[in-house]
Amino acid sequence: MSKTVNYYHFLISPFSYLAIERFNALAAKHDLTVNYLPISVMDVFSELDVLPPGKRHPSLQKMRMDELKRWSGLLDLPMNFTPAHFPVDQTLAAQMVLAAGGASANPDAGKLSDAILKAVWEQEKNIADEATLIAIADSVGLEGSNLLESARDEQWANAYANTTKEALEAGVVGSPTYQLEDELYWGQDRLDFLERAIS
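Please read all numbers here as calculations on a predicted model, not as lab measurements.

Asker: It is not clear to me how the overall build of the protein should be interpreted in this structure. Could you clarify?
Answerer: Summing up its helical and strand segments, the protein has nine helices and four strands in all. Taken from N to C terminus, the helices and strands of the protein fall in the order β-α-β-α-α-α-α-α-α-α-β-β-α. Computed over C-alpha atoms, the radius of gyration of the protein comes to 16 Å, within 12% of the 16 Å expected from 2.2 N^0.38 for 199 residues, which places it in the range of a compact globule. For the C-alpha atoms alone, the extent of the protein along its principal axes is close to 45 × 45 × 35 Å. Burial statistics for the protein: of 199 residues in total, 48% are counted as buried. Within the protein, contacts between residues at least 6 apart in sequence are counted, and of these 74% link residues at least 24 apart. Here the protein has roughly 10000 Å² of accessible surface; of this, 50% comes from carbon and sulfur atoms.

Below, the structure written as structure tokens:
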């Protein structure tokens, strides 16, 4: 019987980007049902009284950068450590993922979510730019223009806000967070624990 994982994430999270291939492999291996649930970066930081990366103590900024370089090297993943468009407003991108069926485990939403993360961390693209979002959606086989227009609807703005609220109520503190039943696994380096729980 397929198990369901709620995948809460920021669409500008470098650690979510680093997890893409391994999480997708895990999901395929165990035939998981995955709900792709982008959540608001700033709302999470505000709720938890956490500073954005650029405003943290220099020692914390250095440690974050060191970790990104170590993991990128270990996983042999291309990565721009200081992308041209970061931080950036992910609101419309998140609403597009939800409009593509993110909360109903639609694989199209997963493809779009992954492509948006790669656009930030591999391709130096601005995911707040509408033309860029249309092109990203088109690249994964979606009708970008139609999806963008749909995503503007208040329905998806409310869905984004509600998804963030539900994540915070569940105890989510960052990205990526994988929820299996009532258990949370925070971080791309917790995928082994998630797999053990699934198995």
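Asker: Looking at this structure, how should I read helix α9 (residues 191–198)?
Answerer: Listing the buried residues of α9 in full gives Leu191, Leu194, Glu195 and Ile198. An end-on view of α9 places all buried positions within 95 degrees of arc, on one side of the element. Turned more than 90 degrees off the buried face of α9, the exposed positions are Asp192, Phe193 and Arg196. Tucked inside the fold, the buried residues of α9 contact α1 (14–29), β3 (177–180) and β4 (183–186).

Asker: How do you make sense of the packing of α1 against α9 when you look at a structure like this?
Answerer: Each pair of packed helices can be summarised by the angle the axes make with each other and by the distance between the axes. Put simply, α1 and α9 touch, their axes get as near as 11 Å, and they point 5 degrees apart. Relative to α9, the element α1 is oriented roughly parallel. Of the residues in α9, those in contact with Ala19, Arg22, Phe23, Leu26 and Lys29 of α1 are Leu191, Leu194, Glu195 and Ile198.

Asker: When you look at the environment of Phe23 in this model, what are you seeing that I'm missing?
Answerer: Mapped onto the fold, Phe23 is located in helix α1. Take Phe23: its relative accessible area is 2%, and that puts it in the buried class. Spatially, the C-alpha atom of Phe23 lies 19 Å from that of Asp182, the residues being 159 residues apart in sequence. Those residues in contact with Phe23 that lie beyond four places of it in its chain are Val5, Tyr7, Val34, Tyr178, Leu191 and Leu194.

Thresholds applied
Residues numbered from 1 in each chain as written. Predicted model: local features only at pLDDT ≥ 70, side-chain atom pairs only at ≥ 80, totals over all residues. Heavy atoms only, no water. Helix = DSSP H or I, 4+ residues; strand = E, 2+ residues; numbered from the N terminus. Rg over C-alpha atoms; globule rule 2.2 N^0.38 Å. Buried < 20%, exposed > 50% of the residue type's maximum accessible area, 1.4 Å probe, protein only. Contact = heavy atoms within 4.5 Å. Areas by Shrake-Rupley, 256 points an atom, 1.4 Å probe, with all protein chains shown as cover. Arc of directions from axis to C-beta. Axes fitted to C-alpha atoms, helices over the stretch in contact; angles between N-to-C directions. Parallel < 35°, antiparallel > 145°, perpendicular 65-115°, else oblique.

Any functional reading would require information that these geometric values do not contain.
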